[in-house]
Amino acid sequence: MHNISRRHFLKAGAALAAGAASGFLPGLAFAAPGAYRGDVLVNVFLRGGADCLNLVVPYTEPAYYANRPTIAIAAPGSATGAALDLDGFFGLHPSAAPLLPWFQNKTLAIVHAAGSTDPSRSHFDQQDYIEFGRPGFKYNDGWVGRNLQTLGLPADIFTGVGMGSRVQKSLMGTIPPLGVSSIGSFRMPGGDALKPVMQTLYAGSGVLAQTASQTFAALTTMERLRLAGYAPANGAIYPANSFGRQMANVAQMIKEDVGLAAACVDLGGWDTHDNEGGASGTFATNVATLAATLNALATDMGSGMGQITVVVMTEFGRRLKESASLGTDHGRGGAMLVLGGGILGGKVYGQWPGLADSALDHGDLAVTTDFRTVLGEIVLKRLGNPALDQVFPGFTLQPLGLAAG
Amino acid sequence: MRLLQRLGAGQDDAKKIGKKRTCPPKLGHHPRRHKKPKHPLAPPPPPPAPYVPPAPQPAVLPPLASPGDAKILAMLAATRLSYGLRPGELERIGHMGFEAWVAEQLAPAQIDDSAADARLAEIRATQQSNAQLLDSKTIQADKRDLAHELVNAAVVRAVFSKRQLAEVTTEFWNDHFNIDIGKSLCLPLKFQDDQRNRAHALGRFRDLLGNSAHSPAMLYYLDNRSNQAKGPNENYAREIMELHTLGVNGGYSEQDVKEVARVFTGWTVDAATGEFKFDAARHDNGSKTVLGHSIGPAGAAEGEQVLDILASHPSTASFIARKLCRRLVSDSPSDALVADVSAVFGASQGNIAAVVQAIVMSADFAASLGKKLRRPFDLAVAGIRALDATVEISDLLARAIDGQCSAMGQLLFRCQPPTGYPDTASAWLTASNLLARWAFVQALAGGRIDGVKVNLASLVGAATTPETIVAALNQALLDGSLPGTSRQAIAASLAGNQAPTLPLAAASLAQRLPATVGLVLACPDFQVK
């Protein structure tokens, strides 16, 4: 098993040479030269607005059961498919069972009633606001991209990696992120002998040439990883689906010391307007994938989790009241999960507003913790980046105290 | 479409909107003065009539002229307004002239498409009703895969239809009114939905919107079929405003979303026929206010009224105009162009043929060659057309095309979020996706795409030296637009150890030609249009 270490050295002028394209935030300062000693950030986005009330269940709230006669998760101990108790007030969806030990050993922290200060219930607006790092604003760069840039990390190929078929907006910035569907498929068709002629065909400027240039630069390393294959450590088993495979790829890149500082991985299918199911069904299946994958990563990394922070977020939670089609419509407050050796886990953070009518936001769980409060503390304490005013412009951090450092 | 007069309270029977009325009692024109007492043995009222989509009306457009260069316009016609060059196509367009070609293409019903239709007839799903397609037992017994039939139909139309601009525009509407065939019963219902988008692709936006609102596939996809008075479902109400008409900043509120949801309660699908049904028992019979307009109570007519309001809203004109400009001109169309096109939308009451005409006759369009990235499906069919490949319709073909597009980043007909596929280059270009594009064109040229047979020798003609062979390929596939450095690099690759001016032995040529064609198709010049 490889030791997890990252040896980034700021090459003189490399950060400046990376170029500040127009549209990015002006006047960014760079961190002093030296080795990057922060955590690898793994940012998981649950696309579609995950039903966090059924993921982290407020099982002592009568209003939860009154509003969800069909799809509510039973209180702990009382039935099959019951919630798994966390702290006497909240419980985990039963399909998230693989996460329970990590909560209990204090690696996993949860923040409930978290979200965006913007009231939009549009998926696309809210995802953008969160990824660009400022509700109500759409920038050309994202919070992860600005973090990498202000840390003064070199514009190396693997500094920022977006898994999947589209690079996440949060990664956009002056350090071009690498978009990878899978390590296994990352190879030059027709063989490496064609690489020189392809480089000639794709010489030039423009987005095609830039993407090609990244591709050529990544090929050698990716081939090494592909040919080496990957055997997870400590008996970890990643689910045999796209999300599981992508997370295993992230794990391999971390262990192989390719220079990864931040990776983004998406899991879709959370927009459960219709027939969401309760302890079993569409939502439950998705929860199982999420939990099994995070469990696999943490198991696989072992003590290496001390240098990794995983943060899981979604654009909004869903309505308290179930719909007539036994699903839920778009809501507001959701939950965030933070997983890492440097996280003060075993606790549900944030200020629970309750589910009384007067406490709801137009029928939805209110937002009492700004998502930037969670991300900002991670950026500051775990990633070692004090430039919060540049990563999250217009925001002042008052940390919850969920991270060490 | 005439707005029906508001009906009196309690009159919430389904109303058929359209040219024919078969449903007594007649309402709207003849307000009831006194109710007849119901005879105890009167027959039950007939079931509400099914939804009949409006008949497409061909546009009569005044001729417009383009300010552009004829050769460039012909290339734009063939690559942007069609699914790619085919042998002889540039000559045909050049001969008729761009304006005449556009006029021809804006009246698709008058273009004889019997060749493509004959091929489509091989795909059973294109000839079947919703009810037949919902009969999954029979479909399974016949060992049919409807997703494959859907992909094959799309390939056949893109490759063989002569109504190319109508097909390009139909694809736009399929994206705009996105449906994910992976959800619920959307797959069997998508065939009718696609056909109705096609029938009105260059017709009136209000008709497209109305068809979509009544579309059983859409009713499943955005859950409106479950939307009912005792438990409204807001999904469709939100997305019809955010994504289909006004746009997210178009001026609607959360309250409007709730009210529109109430308006569309009862718009559902008949389980037996798989067709639209208005279920009066599920309809919210209260009054609503939408975007400042008082609505109802008027049963199904409320929904028609809201569709009228949305279709004619000024935000809709600019939202649709911008999307069409982004599809047909460039990733960031100029505000000036969008404003002009939006004005045409408004003035023509959403006549899409007029809107498309305004776009393609603009100076921005004439200057836009090469500015749009081919999306994976575009690349696949452009490759097939450019190589004049023969296509054999089968499960193997569908699986091959589907798998290749998926590797390139596009799951055909399975875009999960209702925004539909993105339309900017940066959304499609990742390192992995680029490698997959190169892999696809190599497999295509190498005859390794199931169901697609290529004859590369016909592209090369009598040329025998690497230089002349590459020149011939450049002419056939890219109308001669490949830069010198690229031509030299490909010729050198083909020549191997020899000089590129020396003829190749026939055996060497046969062995190396597929990789060479693959290189030409892999060029950035073929990745864009």
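Just above sits the structure.
Residues numbered from 1 in each chain as written. Chains lettered and ligands numbered in written order. Predicted model: local features only at pLDDT ≥ 70, side-chain atom pairs only at ≥ 80, totals over all residues.

1. Remarks on the overall build of chain B
- The helix and strand inventory of chain B stands at 27 helices and six strands.
- Since a compact globule built from 529 residues should have a radius of gyration of about 24 Å, the 26 Å found for chain B is in line with a globular shape.
- Dimensions of chain B, computed from the C-alpha atoms along their principal axes, are close to 95 × 55 × 40 Å.
- Going through the 529 residues of chain B one by one, you find that 53% of them count as buried.
- Pairs at least 24 apart in sequence give 74% of the contacts found in chain B among residues at least 6 apart. (Helix = DSSP H or I, 4+ residues; strand = E, 2+ residues; numbered from the N terminus. Rg over C-alpha atoms; globule rule 2.2 N^0.38 Å. Buried ≥ 20, exposed ≤ 12 C-beta atoms within 10 Å, placed from the backbone. Contact = placed C-beta atoms within 7 Å.)

2. Considerations on the overall build of chain A
- Along its length, chain A carries 12 helices and 12 strands.
- Computed over the C-alpha atoms, the radius of gyration of chain A is 21 Å, within 12% of the 22 Å expected from 2.2 N^0.38 for a compact globule of 405 residues.
- In terms of its C-alpha atoms, chain A occupies a principal-axis envelope of roughly 65 × 45 × 40 Å.
- When the 405 residues of chain A are sorted by exposure, 53% land in the buried category.

3. Describing the interface of chain A and chain B
- If you look at the interface, chain A gives 39 residues, while chain B gives 40 residues.
- If you tally residues by element for the side of chain A that touches chain B, the top one is helix α8 (residues 207–228) of chain A, at seven residues.
- Partitioning the side of chain A that touches chain B into residue classes produces 16 nonpolar, 17 polar and six charged. (Nonpolar A, V, L, I, M, F, W, Y, C, P; charged D, E, K, R; others polar.)

4. Considerations on the sheet that holds strand β3 (residues 84–85) of chain A
All names here are of chain A.
- Spatially, β2-β4-β3 is the arrangement adopted by the three strands of the open sheet, whose pairing is antiparallel. In this open sheet, the two edge strands, each paired with only one partner strand, are β2 (56–58) and β3.
- Here β3 runs beside strand β4 (residues 90–92); their pairing, made up of two bridges, is antiparallel. The residue bridging Asp 85 from the neighbouring strand is Gly 91, located in β4. (Pairing = 2+ DSSP bridges.)

5. Some thoughts on helix α9 (residues 186–199) of chain B
- End to end, α9 of chain B covers 19 Å across 14 residues, agreeing with the expected 20 Å (1.5 Å per residue, within 8%).
- The buried fraction of α9 of chain B is high, at 13 of 14 residues. (Expected span 1.5 Å × (residues − 1).)

6. Here we look at the packing of helix α10 (residues 205–214) of chain B against helix α14 (residues 300–311) of chain B
Residues and elements named next belong to chain B.
- Contact pair α10 / α14: the axes reach a minimum separation of 10 Å and the direction vectors enclose 140 degrees. Between α10 and α14, the crossing angle belongs to the class labelled oblique. Like other packed secondary-structure pairs, α10 and α14 cross with a definite hand, here right-handed. Contacts from Phe 205, Arg 206, Leu 209, Gly 210 and Ala 213 of α10 reach α14 at Gly 303, Leu 307, Asp 308, Leu 310 and Ala 311.
- Among the residues making up the contact of α10 with α14, the classes are represented as six nonpolar, two polar and two charged. (Axes fitted to C-alpha atoms, helices over the stretch in contact; angles between N-to-C directions. Parallel < 35°, antiparallel > 145°, perpendicular 65-115°, else oblique. Left-handed = near helix turned anticlockwise from the far one by under 90°.)

7. Quick look at the environment of Lys 371 of chain B
Residue and element names in this part refer to chain B.
- Within the element layout of this structure, Lys 371 appears in the loop between α18 (363–366) and α19 (376–386).
- On the neighbour-count criterion, Lys 371 (18 C-beta atoms within 10 Å) is partly exposed.
- For the pair formed by Lys 371 and Ser 332, sequence separation is 39 residues and the distance between their alpha carbons is 9.9 Å.

8. Observations concerning the pairing of strand β1 (residues 40–46) of chain A
Residues and elements named next belong to chain A.
- Most of β1 sits inside the fold, with seven of its seven residues counted as buried.
- Where β1 lies against strand β9 (residues 308–314), seven bridges are found, and the strand directions are parallel. Counted as the bridge partner of Val 40 is Ile 308 from β9.
- Relative to strand β8 (residues 262–267), β1 runs parallel, the two sharing six bridges. Note that in β8 the partner of Val 42 across the bridge is Ala 263.

9. Topic: the packing of helix α24 (residues 466–478) of chain B against helix α25 (residues 484–495) of chain B
Residue and element names in this part refer to chain B.
- Between α24 and α25, the shortest axis-to-axis distance is 9 Å and the interhelical angle comes to 130 degrees. The angle between the axes of α24 and α25 places the two elements in the oblique class. Read as a crossing pair, α24 and α25 show a hand that is right-handed. In this structure, α24 uses Pro 466, Glu 467, Ile 469, Val 470 and Asn 474 to contact α25, whose residues at the interface are Arg 487, Ile 490, Ala 491, Leu 494 and Ala 495.
- A per-class count over the contact of α24 with α25 returns seven nonpolar, one polar and two charged.

10. Re unusual backbone geometry
Residues and elements named next belong to chain B.
- Each neighbour pair has its own omega, and for Gly 296 with Pro 297 the value is 0 degrees, a cis peptide bond.
- Among the structural elements, Pro 297 can be located in the loop between β4 (293–295) and α14.
- Despite not being glycine, Lys 143 shows a phi value in the positive range, around 55 degrees.
- Take Lys 143: it is sitting in the loop between α6 (136–141) and α7 (146–160).
- A residue is classified by how many C-beta atoms lie within 10 Å of it, and Lys 143, with 7 of them, is exposed.
- For Asp 388, which is not glycine, the phi torsion reads 50 degrees and is therefore positive.
- Here Asp 388 lies in the loop between α19 and β5 (390–391).
- The class for Asp 388 is partly exposed, based on 16 C-beta atoms found within 10 Å.

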